[in-house]
Amino acid sequence: MTDDFERMWADLTPIGRSAASGGYFRQPFLGAETELRAWFVEQAVARGLDVEADGVGNVVAWWDPPVGVGSEAGTAVLTGSHLDSVLDGGAYDGPLGVVSALAAVDLLRSRGFVPGRRIGVSVFAEEEGSRFGLACLGSRLAAGALSWGDARELRDRSGVALPDALSAVGLAGESVLSLADVGTFVELHVEQGRDLVDRGAPVGIASGIWPHGRWRFDFAGEANHAGTTRMEDRADPMLTYAMTALAANKQARLAGARATFGRVEVTPNGTNAVPSRVVAWLDARCSSDEALAGLVEAVSRQGLDRAGRDGTSLEVTAESVSSSVVFDAGLAASLAADHEGGDWPVLPTQAGHDAGILSAAGIPSAMLFVRNPTGVSHSPAESAQMSDCLVGVSALADTLERLAQGGAR
């Protein structure tokens, strides 16, 4: 198992890595991400797995029971994650789950395990939403949470339509993977925080996912000369945006929530010009759906109040909203107790995942987290120790073995 995991990890390490920052640029349907999907297919074929791919970049490699071994419809066990990254992201977010799933299959085979149910290793497309702005795009389509008719209208920052981006890498679009045969989904992921460091545990189990979303804030004002326009004569949308960003920080702190303006576009973006327009995207996350709605409403209200004083305007548009997810409690408890040293800790996560989409679609789902020593994610500083990764592979293999032989959850 150690050799298999380390070899695969070495294969992936250079792909899409920036020589300047050490971070990763693996945006969907571009060079690095396309290379990674091809690598995954090669790994699956080399293991004799049956590869199923759809027109939007989702891929599943199936390990089928032997001929004559029954496998009831709707009981397949699915694992895996994604291979795309945020801009200048870390190495582990997504790929760790994919590589661990393949290594878990190798470990099960080395044990002589024969599955009584289908086991699938999945790669879902555009999980991060880093190109088309909608997180978990591939799993939303596969789960029926998003229609192709709506998805085909998505555009990236350069104005490229999703169907054109797919066509450019040989994908047809529209045809989408079916999850009808999936009875359980288990996703392994690097932890995106320091909870497991504080608990001294290499692996943890997710109890659920906070509700979260992305909102577009359009601030409009009047372009003018930075030198000749008196301060009292300005309609500067940058001021309105700045106050709104500060309001988001304050409201999130008061609510014990999360609020981040991480992307901003300014027009005309000149050093010596008052902007005419500022577009900013708010990422907000709270412990409940009601709290999330209240947070966004409070931030929007303060932004609108400020716009009235600045002589600007503000329009807020929800681009992607995911409700709270509570993972299958029985499955989580079973995973937590599934090792010799005692129960793995169970903890919530504030990050969105494909597992959340499948869970919301009615598929019993669970997540395994692998300890992150830095606690940093979506950054080149994201990290995991090899020894912890191998514990994660073993925990995942144990879970798949129990679920695929039809044992109780």
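A short tour of the structure in this document, coming up.

Procedures and definitions
- Sequence order as written defines the numbering, with residues in each chain counted from 1.
- The predicted nature of this model means local features are confined to residues of pLDDT at least 70 and side-chain atom pairs, given and counted, to a pLDDT of 80 or more, with totals for whole chains, interfaces and linings taken over all residues.
- Only heavy atoms go into the side-chain values, all of them from the structure, while hydrogens and water stay out.
- For the purposes of this entry, the term helix denotes a DSSP run of H or I that reaches at least four residues, the term strand denotes a run of E that reaches at least two, and both are numbered from the N terminus.
- Only C-alpha atoms enter the radius of gyration, while the globule expectation follows 2.2 Å times N to the 0.38, with N the number of residues.
- Each residue gets one of three labels from its accessible area relative to the maximum for its type: buried under 20%, exposed over 50%, partly exposed in between, using a 1.4 Å probe on protein chains only.
- The contact rule is simple, with two residues in contact once any of their heavy atoms fall within 4.5 Å.
- Surface accessibility in these figures is a Shrake-Rupley result with a 1.4 Å probe; residues are shielded only by whichever protein chains are displayed.
- For the purpose of charge, His is not counted, nor are the chain termini; Lys and Arg are scored as positive and Asp and Glu as negative.
- For the purpose of locating charges, the reference atoms are NZ of Lys, CZ of Arg, CG of Asp and CD of Glu.
- Each pair of strands is called paired provided DSSP finds at least two bridges between the two strands.
- Orientation is described by lines fitted to C-alpha atoms, with helices fitted over the stretch in contact, and by angles between N-to-C directions that extend from 0 to 180 degrees.
- We define a polar contact as two N or O atoms separated by no more than 3.5 Å, with the added condition that, inside protein, one atom must be a possible hydrogen donor and the other a possible acceptor, whereas residues neighbouring each other in sequence contribute only through side-chain atom pairs.
- Our angle categories are set so that under 35 degrees counts as roughly parallel, over 145 as roughly antiparallel, 65 to 115 as roughly perpendicular, and the remainder as oblique.
- Classification convention: Asp, Glu, Lys, Arg as charged; Ala, Val, Leu, Ile, Met, Phe, Trp, Tyr, Cys, Pro as nonpolar; all other residues, Gly among them, as polar.

Overview of the overall build of the protein
Working step 1: When its secondary structure is counted, the protein shows twelve helices and 15 strands.
Working step 2: Its C-alpha radius of gyration of 23 Å places the protein within 12% of the 22 Å reference for a compact globule of 409 residues.
Working step 3: Its C-alpha atoms put the protein at 80 × 45 × 40 Å along the principal axes.
Working step 4: Here the protein holds 409 residues, and the buried ones make up 53% of them.
Working step 5: Within the protein, residue pairs in contact and separated by at least 24 positions form 77% of the contacts whose partners lie at least 6 positions apart.
Working step 6: Surface summary for the protein: the accessible area is close to 16,500 Å², and the carbon and sulfur share equals 50%.
Working step 7: Across the protein, the 32 positively charged side chains and the 52 negatively charged ones have centroids separated by 5 Å.

Regarding the pairing of strand 1 (residues 50–53)
Working step 1: Summarising the sheet, strand 1 and strand 2 (residues 59–63) pair through four bridges and their orientation is antiparallel. Counterpart to Val-51 in the pairing with strand 2 is Ala-61.
Working step 2: Remark: five residues form the turn of the hairpin made by strand 1 and strand 2, two consecutive strands paired antiparallel; Gly-57 in that turn has positive phi of roughly 100°.

Section: the sheet that holds strand 11 (residues 277–285)
Working step 1: Strand order in the open sheet formed by four strands is 9-11-7-12, with antiparallel pairing between adjacent strands. This sheet does not close on itself; its edge strands, each paired only once, are strand 9 (258–267) and strand 12 (313–322). Each strand axis lies, on average, 20° off the axis of its neighbour in the sheet, ignoring direction.
Working step 2: Pairing geometry for strand 9 and strand 11, over nine bridges, is antiparallel. Counted as the bridge partner of Val-266 is Val-278 from strand 11.
Working step 3: Its contacts with the sheet place helix 8 (residues 237–255) against strand 7 (212–220), strand 9 and strand 11, and it is angled at close to 170° to strand 9.
Working step 4: Running over the sheet, helix 9 (residues 289–310) touches strand 7, strand 9, strand 11 and strand 12 and is turned about 165° from strand 12.

Points about the side chain of Thr-79
Working step 1: Residue placement: Thr-79 occurs in strand 3 (residues 76–82).
Working step 2: Overall, Thr-79 belongs to the buried group, its relative accessible area being 0%.
Working step 3: Among the polar contacts listed, one links the side chain of Thr-79 to the backbone oxygen of Val-186, at a separation of 2.7 Å.
Working step 4: Excluding anything up to four places from it in sequence, Thr-79 contacts Ala-101, Gly-120, Val-121, Ser-122, Phe-185, Val-186, Leu-396 and Leu-400.

A closer look at the side chain of Arg-37
Working step 1: Mapping Arg-37 onto the fold places it in helix 2 (residues 31–46).
Working step 2: In contact with Arg-37, other than residues within four places in its own chain, are Phe-29, Gly-57, Val-59, Leu-83, Val-123, Val-169 and Leu-171.

A closer look at unusual backbone geometry
Working step 1: That bond from Thr-267 to Pro-268 is cis: its omega, 5°, falls within 30 degrees of zero.
Working step 2: Among the secondary structure elements, Pro-268 is positioned in the loop between strand 9 and strand 10 (273–274).
Working step 3: Non-glycine residue Cys-136 carries a positive phi angle of around 55°.
Working step 4: Relative to the helices and strands, Cys-136 resides in the loop between strand 4 (119–124) and helix 4 (137–143).
Working step 5: According to the relative accessible area criterion, Cys-136 is buried, its value standing at 5%.
Working step 6: For Asn-269, which is not glycine, the phi torsion reads 65° and is therefore positive.

Focus: the packing of helix 2 against helix 3 (residues 95–110)
Working step 1: Between helix 2 and helix 3, the least distance of the axes is 11 Å, while the angle of their chain directions is 5°. Between helix 2 and helix 3, the interaxial angle falls into the category roughly parallel. On the side of helix 2, the interface is formed by Trp-39, Phe-40 and Gln-43, while helix 3 contributes Val-98, Val-99 and Leu-102.
Working step 2: In the contact of helix 2 with helix 3, the residues fall into five nonpolar, one polar and no charged.

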